[in-house]
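# Descriptive structure summary
Chain residues, written in single-letter form:
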Amino acid sequence: MSWQETPVRLALTTAAAAIAGAVVETVGVNHTANSALYVSSPAAKVQMTVFVCLWAVTPTVWVIGRQSLHTVTSLVGGHRLSDGRHRFITVGVAVLVATAAGVAGAFARGADTGLYLGLWRTMATYGVATSAAYPALLTMWRAWRALAQRRVPAADQVASDAVPELLTVRWALVTALGAAGTLVSIGVFATGAQRQAWIAYSRQPDSYPPELVVVTGLLLTLFLAVNFIPGWTSWHSATIRELETRLPSAYPPQPAWRERAAERQAYAELLQLPQNLRDVASSAVVVLGPLLSAAVSLFLPSRG
């Protein structure tokens, strides 16, 4: 077990990340009169707390992402997964989204805010969060590649080889989605908290429209969906192929079709194939997390 995976070391790293976030959020806050006025409101303190929480969860998200990535890579071997293009796309799009979120907030508030290091604080936080989410995001694409290279099993092969592989890929996908989705949702909530703090400071609600927060949440929801859905659909297709290969469908009046239907249902449950909407609800909630966070953040108090 590596040091990143031990609870004590992870707790220490989390505390260090929280302290770093607190330093980033508080250094020079009284450097200008406007900055001192900005941080004096309760809404600003809520914003700073949420940003520190975002920093604090980055080590856990990084470790979970690394574990998921290692698990998927170990199934087929890194030499068979030449995914430099996906690395570039994952990093490029994530950085673009983070930069757009920070710049959009600055644009909404206006260039001359009088706040010391305002934009740079936000960009530093989003930059660290993007780096922490990178392994989890790459896991989703690597799972897609691993499944694309997986051969269709022969009917006489032992199912004990296929079931652990498919379940492992499913675990890696869902775990990576949970880690990245949690981090992104906190980031969107931080954006909403920043909006409320700005309104408390400027006394001008129209200067930072709520639509900007909602659009940010929507874009990041789409971002999660684009990263997760290809791998999930590939896993679902591979699992269906496994089921059909091991236990082909039987219909009336074929003999023993009831027994075959029961066998297929039991094997589908073993493979953790979604049987209804409830089975995919948890993943859907995580994907929609940024949009839900955006909506909730609009109800934060903004009184100065």
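Everything numeric here is computed off the predicted structure, so don't read it as measured data. (Residues numbered from 1 in each chain as written. Predicted model: local features only at pLDDT ≥ 70, side-chain atom pairs only at ≥ 80, totals over all residues. Heavy atoms only, no water.)

## So, helix H1 (residues 7-26)
Counted only if it meets this: Secondary structure is summarised from DSSP: a helix means a run of H or I of at least four residues, a strand means a run of E of at least two, and numbering begins at the N terminus for each. Each helix should span, by expectation, one fewer than its residue count multiplied by 1.5 Å.
Between its first and last C-alpha, H1 extends 28 Å over 20 residues, near the 28 Å set by a 1.5 Å rise per residue. Count one or two residues on from H1 and you reach Gly 28, which has phi positive near 70°.

## Examining the side chain of Arg 195
Cut-off, in case you're wondering: Think of it in three bands: residues with accessible area under 20% of the maximum for their type are buried, residues over 50% are exposed, and the middle band is partly exposed, with areas taken using a 1.4 Å probe on protein chains only. His is not counted, nor are the chain ends, whereas Lys and Arg count as positive and Asp and Glu as negative. Any Lys or Arg side-chain nitrogen found within 4 Å of a carboxyl oxygen on Asp or Glu counts as a salt bridge. Residue contacts follow a heavy-atom distance rule, with two residues in contact if any of their heavy atoms lie within 4.5 Å.
Relative to the helices and strands, Arg 195 resides in helix H6 (residues 159-202). For the buried Arg 195, no salt bridge is present, and the opposite-charge side chain at shortest range is Glu 211, 6.7 Å distant. Beyond its immediate stretch of four places on either side in the chain, Arg 195 contacts Pro 205, Tyr 208, Pro 209, Pro 210, Val 213 and Leu 298.

## Looking at a nonpolar patch on the surface
Put simply, the rule is: Exposure above 30% relative accessible area and the lack of any salt bridge qualify a residue for a patch; like charges then connect within 9 Å, and the nonpolar side chains Val, Leu, Ile, Met, Phe, Trp and Tyr within 5 Å. All accessible areas in this document rest on Shrake-Rupley with a 1.4 Å probe, and a residue is counted as covered only by the protein chains that are shown.
On the surface, Val 215, Leu 218, Leu 219 and Leu 222 cluster together into a nonpolar patch covering about 350 Å² of accessible area. By secondary structure assignment, the location of Leu 219 is in helix H7 (residues 210-246).

## Here's the deal with the pattern of salt bridges
One pass over the full model with this rule turns up 3 salt bridges. Arg 264 is the salt-bridge partner of Glu 244, the closest N and O atoms lying 2.8 Å from each other. Placement of the pair is Glu 244 in helix H7 and Arg 264 in helix H8 (residues 257-270), with a sequence separation of 20 residues. Residue Arg 260 is joined to Glu 263 by a salt bridge in which the shortest nitrogen-to-oxygen separation is 3.3 Å. Taken together, the residues Arg 260 and Glu 263, both in helix H8 and 3 residues apart, mark about one turn of the helix. Residue classification places Glu 263 among the partly exposed residues on the basis of a relative accessible area of 39%.

## Focus on the nonpolar core
Note the following rule: Working definition of a nonpolar core: buried Ala, Val, Leu, Ile, Met, Phe, Trp, Tyr and Cys residues. They are joined through side-chain atoms within 4.5 Å.
Membership of the largest hydrophobic core comes to 58 residues, with the highest contact counts inside it found for Tyr 38, Met 140, Leu 173, Leu 183, Phe 228 and Trp 235. Elements supplying a minimum of two residues to this core: helix H2 (33-39), helix H3 (42-76), helix H5 (118-148), H6, H7 and H8. In terms of residue count, the dominant contributor to this core is H6 (18 residues).

## Section: the packing of H7 against helix H10 (residues 289-297)
This is how it is decided: All axes here are fitted lines through C-alpha atoms, helices being fitted over the stretch that makes contact, and every angle between N-to-C directions spans 0 to 180 degrees. Small angles under 35 degrees read as roughly parallel and large ones over 145 as roughly antiparallel, with 65 to 115 read as roughly perpendicular and the rest as oblique. Each crossing gets its handedness from the near helix: less than a right angle anticlockwise from the far helix is left-handed, clockwise is right-handed. Amino acid classes used here: Ala, Val, Leu, Ile, Met, Phe, Trp, Tyr, Cys and Pro are nonpolar; Asp, Glu, Lys and Arg are charged; the rest, including Gly, are polar.
The geometry of H7 relative to H10 is characterised by a closest axis approach of 7 Å and an angle of 165° between their N-to-C directions. Considering the angle they form, H7 stands roughly antiparallel to H10. As H7 runs across H10, the sense of the crossing is right-handed. Together, Val 213, Val 214, Gly 217, Leu 218, Leu 220, Thr 221 and Leu 224 of H7 and Pro 290, Leu 291, Ala 294 and Ser 297 of H10 make up the contact between the two elements. The residue inventory of the contact of H7 with H10, partitioned by class, reads 8 nonpolar, 3 polar and no charged.

## Focus: the packing of H7 against H8
Remark: H7 packs on H8, axes separated minimally by 10 Å, with the N-to-C direction vectors making an angle of 145°. Crossing geometry of H7 relative to H8 is assigned as right-handed. For the pair H7 and H8, the contacting residues are Glu 242, Leu 243, Glu 244 and Arg 246 in the first and Arg 264, Tyr 267 and Ala 268 in the second. The class makeup of the residues in the contact of H7 with H8 is 3 nonpolar, no polar and 4 charged.

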